[in-house]
Amino acid sequence: MKMMSENNIFHRISFSIKRKIIQIVAFGITNSHIGNFTQGKIYTGKWKNFCAPGLNCYSCPAASFACPIGALQAVNGSMNFDLSFYVTGFLLAIGVLFGRAICGFACPFGLIQELLNKIPSPKKKLPGWMKYIKYAILVIFVLCLPVLVTNYMGVGKPAFCEFICPAGMLEGSLPLLSTHPELRATIGPIFSIKLLMVIITIAGSIIFHRFFCKVFCPLGAIYGLLNRFSFFRLTIDRNLCVNCGKCARVCKMDVDPVKNCDSTECIRCGACVHACPKKALRLGFQK
Amino acid sequence: MNNLRNGLKVQQRLTASVSVLLFGICLMLYGIHRDEMAVVLNKAVHICLECIGLG
Ligand code: SF4
Ligand code: SF4
């Protein structure tokens, strides 16, 4: 019995370490131009034609790819187009292949929040209704405002980037302001709103597991809706499940996989799979 | 009976997933064809002042 539980712990640790390694590698690939931090510039090569699957500001000096949510707003708000088929198609294809496993394994901002949550503090759960905020943000700030609120040339502003996203400020603004003193003259009221969002996100992530993912992220909202169709998924063998509730207790995204394996909140982290004493849960590519 | 129902569900899900995947790929190709990548590149290679809270 003792050996079995030790085995289980070993398995769980090794899986969570494997996931961390994948997250760190994904972080490194998405932000491979570290040298740009000291030079105060951003990467301008051809890889920026493509979107990263996770949330990562393209104004971060190290960013190698475009941010999918920034790109979606840029094309939706551009003079010539009202809807980006390129980015929408990309998100649908990636989402149906992996679902929110992108959040669990490949999103740099998800990793940042997980590390913030390691800071010792009382850990709390969010009220369930807060998870719906991210859908409102997706519709209002990402899809509607950039198309509806435009200047005299018909160009809309990226409202999510401008008012909500803390990634731009954390990954882009703070490093660039430190190397470009002349940029400091352009600090205005928007800066204060964004700074407030950064403070809320950092404080929230320390207390609540993946606070930004749960409440604000429009990319998580899109991938979450696609969990239901994704090829990479979580399944349960109801013949093996004894309803002990261990899986729901370890889930930091507040999901009960016995009730719904395709929950929009499940980031496919695998913690429940390794907590299950009956091996009733399975995570991977399946029909 | 249960097995039959599960088999049907798996089949339906697979059909939906493959359809969404193909639809996504078609959208992406159409977007590339009408040169949306140029807009993405142009945005991504300039420091976006709104994104970083300046301007
Ligand atoms: S919810 Fe958003 S920020 Fe969180 S891991 Fe997913 S894409 Fe990244
Ligand atoms: S249900 Fe399981 S795989 Fe999904 S987030 Fe919770 S612990 Fe992770």
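What counts and what doesn't
Residues numbered from 1 in each chain as written. Chains lettered and ligands numbered in written order. Predicted model: local features only at pLDDT ≥ 70, side-chain atom pairs only at ≥ 80, totals over all residues. Heavy atoms only, no water. Near = heavy atom within 4 Å. Helix = DSSP H or I, 4+ residues; strand = E, 2+ residues; numbered from the N terminus. Nonpolar A, V, L, I, M, F, W, Y, C, P; charged D, E, K, R; others polar. Axes fitted to C-alpha atoms, helices over the stretch in contact; angles between N-to-C directions. Left-handed = near helix turned anticlockwise from the far one by under 90°. Contact = heavy atoms within 4.5 Å. Buried area = accessible area lost by both parts, 1.4 Å probe. Salt bridge = Lys/Arg side-chain N within 4 Å of Asp/Glu carboxyl O. Polar contact = N/O pair within 3.5 Å; in protein donor to acceptor, adjacent residues only side chain to side chain. Parallel < 35°, antiparallel > 145°, perpendicular 65-115°, else oblique. Core = buried A, V, L, I, M, F, W, Y, C linked by side-chain atoms within 4.5 Å. Buried < 20%, exposed > 50% of the residue type's maximum accessible area, 1.4 Å probe, protein only. Domains from an automatic or database assignment.

Enquirer: Provide a residue-level description of the site of ligand 1, including the pertinent values.
Expert: Residues and elements named next belong to chain A. The immediate surroundings of ligand 1 are formed by Arg100, Cys103, Cys107, Phe109, Gly110, Gln113, Arg210, Phe212, Cys213, Cys217, Leu219 and Gly220. Going through the elements one at a time, helix H6 (108–116), helix H11 (211–215) and helix H12 (218–226) are the ones with two or more residues in the shell around ligand 1. At three residues, the largest contribution of residues to the shell around ligand 1 is made by H6. A breakdown of the residues in the shell around ligand 1 according to their chemical character gives seven nonpolar, three polar and two charged.

Enquirer: Which residues make up the packing of helix H9 (residues 166–179) of chain A against helix H10 (residues 189–207) of chain A, and what values do they have?
Expert: Residue and element names in this part refer to chain A. Orientation of H9 relative to H10, taken along the N-to-C sense of each, is 115 degrees, at an axis distance of 9 Å. Seen along the crossing, H9 lies across H10 with a hand that is left-handed. Of the residues in H10, those touching H9 at Pro166, Met169, Leu170, Ser173 and Leu177 are Phe191, Lys194, Leu195, Met197, Val198, Thr201 and Ile202. Along the lines of polarity and charge, the residues of the contact of H9 with H10 split into nine nonpolar, two polar and one charged.

Enquirer: Outline the interface of chain A and chain B, supporting the account with residue identities and numerical values.
Expert: Listed as interface residues are 53 residues of chain A and, on the opposing side, 34 residues of chain B. Counting each side, the surface lost to burial between chain A and chain B is near 3700 Å², with a carbon and sulfur contribution of 76%. There are one salt bridge connecting chain A and chain B. B:Arg13 serves as the salt-bridge partner of A:Asp262, at 2.8 Å between the closest nitrogen and oxygen. Where chain A packs against chain B, one counts 11 residue pairs in polar contact (both at pLDDT 80 or more). For the side of chain A that touches chain B, the secondary-structure elements that each account for two or more residues are helix H3 (68–76), helix H4 (85–98), helix H8 (159–163), H9 and H10 of chain A. Top contributing element to the side of chain A that touches chain B by residue count: H4(A), with 10 residues. Tallied by class, residues from the side of chain A that touches chain B come to 31 nonpolar, 14 polar and eight charged.

Enquirer: I'd like to hear about the packing of H3(A) against H4(A), residue by residue, with values.
Expert: Packed helices, taken two at a time, are described by the angle between their axes plus the distance between the axes. Residue and element names in this part refer to chain A. It is at 8 Å that the axes of H3 and H4 come closest, and there the two elements cross at 150 degrees. The angle between H3 and H4 places the two elements in the roughly antiparallel class. Where H3 abuts H4, its residues Pro68, Ala71 and Leu72 lie against Val87, Thr88 and Leu91. Classifying every residue of the contact of H3 with H4 by side-chain character gives five nonpolar, one polar and no charged.

Enquirer: Please set out the nonpolar core residue by residue, giving values where relevant.
Expert: Here is a general trend for soluble globular proteins: nonpolar side chains tend to be buried in one another's company. Residues and elements named next belong to chain A. Counting residues in each nonpolar core, the largest one holds 81 residues, and the members touching the most others are Leu55, Tyr58, Ile69, Val87, Leu91, Phe160 and Leu281. With eight residues, the single largest contributor to this core is H4. Counting only domains with at least three residues in this core, you end up with domain 1 (2–67 + 84–122 + 162–227) and domain 2 (235–264 + 271–285).

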